[in-house]
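# Overview (structure and organization)
Each chain, written out:
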Amino acid sequence: MTENTNMDLSTLENWLWEAACVIRGAVDAPKYKDYILPLIFLKRLSDVFEDEIARLAEEIFDSIEEALKQVEEDHALVRFYIPPQARWDAISRQTTNIGEYLTSAVRAVARENPKLHGIFENIDFNAQMAGQPVIDNDRLYNLIQVLSRHRLGLKDVEVDILGRAYEYLLRKFAEGQGQSAGEFYTPREVTWLMAYLLEPRPGDEIYDPACGSGGLLIKSVLALKETYGDDPRIAPVKIYGQEILYTTFAMAKMNAFIHDLEADIRLGDTMARPAFTNPDGSLRTFDKVTANPMWNQKFPLPLYEEDPFDRFKFGGIPPASSADWGWIQHMFASLKEGGKMAVVLDTGSVSRGSGNQGSNRERDIRKVFVENDLVECVILLPENMFYNTTAPGIIMVINKAKKHPAEILLINASKLFTKGRPKNYMEDEHIKQVYSIYREWREEEGLSKIIPVEEAARNDYNLSPSRYVSINGKEEYRPIEEILVELAEVEEERQAVDKELNDILGKLGFGGWLNG
């Protein structure tokens, strides 16, 4: 799971810091990535294209010049074709009208490579504000010179260079700026753990309905390669994703292209208009589904109640105050018979409403999933790993073909981390330890417990691992965010009951009595 690279992480981060400093002041810090990442992508493509020419010259043709000449006549000789004006050596020689030149260059690359359609259309390095360029010619020139310092070819950097750069720019410049970055990027170690839990098989179709930059999908492909190797006889997995934000949608497409993957990434709002449907209009289903949707997202109840795909009938309508179980219901509806899904959510999604008197929409949906023996495993993650919150998250695995029916594995991995600044992280051995417990389906003192579904029922369908696996006998306290969401749900229930009571009183001739 640790990729080899000639550029170490410290070098990468210093390089990106210098690049960001060049455009500091011209654009807000959270926007740095919108300029730097497309240029890193373009430089990676240009350097890999150069590697391809060198390979052709060594293996087939007599010289670089002859290889280039042949490629100009037959673009199919290389994995992708970069036109001369978009090659990095041409870009780095520009001294005037650089914004206009760059915009023209990236669009020329898209014209030559249909898989890149949709990525560059909205990128304008020559964008103006009040008649002046957002980033002037001198800054663009200096930015290109900084980015020219490192080669990004096949043997120079890990293939996930773009994901690494994206993660750094989010962590360094989005956090603390009032930006909600965590919804876009799942920490690297969490993506690996989820990919292992999915256990991809050759030929699987894997879908992420909130794919962000595509990290979960790409790690699923890499996890398959770790298990089965690069044997060309092994059927590749096919990946599908939908993303609501254009910039992250473009990032996902760039990520897939740079990894040389066949990917179908679409732009749009999954909850309102799922993009993957069958010819008859029904929801398309997949072998595996994975996601890190925005936690505790709010949607109006009519979105659930009037859903044309019947996604929210299994278990009942989720509350308007948190879409956590709405996302699970969508993912479950997108899952083939015998399929498996893994989702990262707020810890409260597995405990809210349990032990309360009266009804609670989330608890009631959770109850249906438990009683139908669909919940396979819940893992409590360490705190302070995600970029937009210090709260811990959970990974829930739902499986339509559980190997251990009528049992649920609960893993409390809250202490399996290394303290970092600004964020904690899990080491490779932590990920392997958690996955081995899942794969071997075993209990480990202070770390995991296997419960029968009847025990979950006795605990009012509370699936919080800390309830069943205590660490050093210490009491675990609920995060304040979780309590606030539950309070919002209680208020939502109170308003619904008041409305119902008012309707009844109105029919009895006491309309408005409840509100004085």
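Naming follows an unreviewed UniProt entry, where the chain appears as site-specific DNA-methyltransferase (adenine-specific) of Moorella thermoacetica. We quote the UniProt Sequence similarities (unreviewed entry) comment for the chain here in full: "Belongs to the N(4)/N(6)-methyltransferase family." What the UniProt record of the chain gives under Catalytic activity (unreviewed entry) is the line "a 2'-deoxyadenosine in DNA + S-adenosyl-L-methionine = an N(6)-methyl-2'-deoxyadenosine in DNA + S-adenosyl-L-homocysteine + H(+)".

### Brief notes about the pattern of salt bridges
Applying the stated criterion across every chain, the model contains 37 salt bridges. Between Asp 51 and Arg 151 there is a salt bridge, with the nearest N and O atoms lying 2.7 Å from each other. One end of the pair, Asp 51, is in helix H2 (residues 32–59); the other, Arg 151, is in the loop between helix H6 (137–147) and helix H7 (161–174), and 100 residues separate them in sequence. When its relative accessible area of 18% is taken as the criterion, Asp 51 is described as buried. Across the pair Glu 199 and Lys 340 runs a salt bridge whose closest N-O atoms are separated by 3.1 Å. Of the two residues, Glu 199 sits in the loop between helix H8 (188–198) and strand E3 (205–208) while Lys 340 sits in strand E7 (residues 335–346), which places them 141 residues apart along the sequence. Bridged by salt links that share partners, the residues Glu 52, Arg 55, Glu 59, Arg 79 and Asp 260 form one connected network.

### Quick word on the pairing of strand E8 (residues 375–380)
The buried count for E8 comes to 6 of 6 residues, which makes it a mostly enclosed element. Of the pairings in the sheet, the one linking E8 to strand E9 (residues 393–399) comprises 5 bridges and is antiparallel in character. Bridge pairing in E9 places Val 375 opposite Ile 398. With 4 bridges joining them, E8 and strand E10 (residues 407–412) adopt parallel strand pairing. Residue pairing in the sheet places Ile 379 in a bridge with Ile 411 of E10.

### Considerations on the pairing of strand E4 (residues 238–243)
With 5 of 6 residues buried, E4 is to be regarded as a mostly interior element. Both E3 and E4 contribute to a ladder of 4 bridges, which runs parallel. Pairing of Tyr 207 across the sheet is with Tyr 240, part of E4. Crossover E3 to E4 through helix H9 (residues 215–228) is right-handed. Summarising the sheet, E4 and strand E5 (residues 263–267) pair through 5 bridges and their orientation is parallel.

Calculation criteria
Residues numbered from 1 in each chain as written. Predicted model: local features only at pLDDT ≥ 70, side-chain atom pairs only at ≥ 80, totals over all residues. Heavy atoms only, no water. UniProt positions renumbered as here; feature names shortened; annotations may be inferred. Salt bridge = Lys/Arg side-chain N within 4 Å of Asp/Glu carboxyl O. Helix = DSSP H or I, 4+ residues; strand = E, 2+ residues; numbered from the N terminus. Buried < 20%, exposed > 50% of the residue type's maximum accessible area, 1.4 Å probe, protein only. Pairing = 2+ DSSP bridges. Right-handed = clockwise from strand over helix to strand, strands pointing away.

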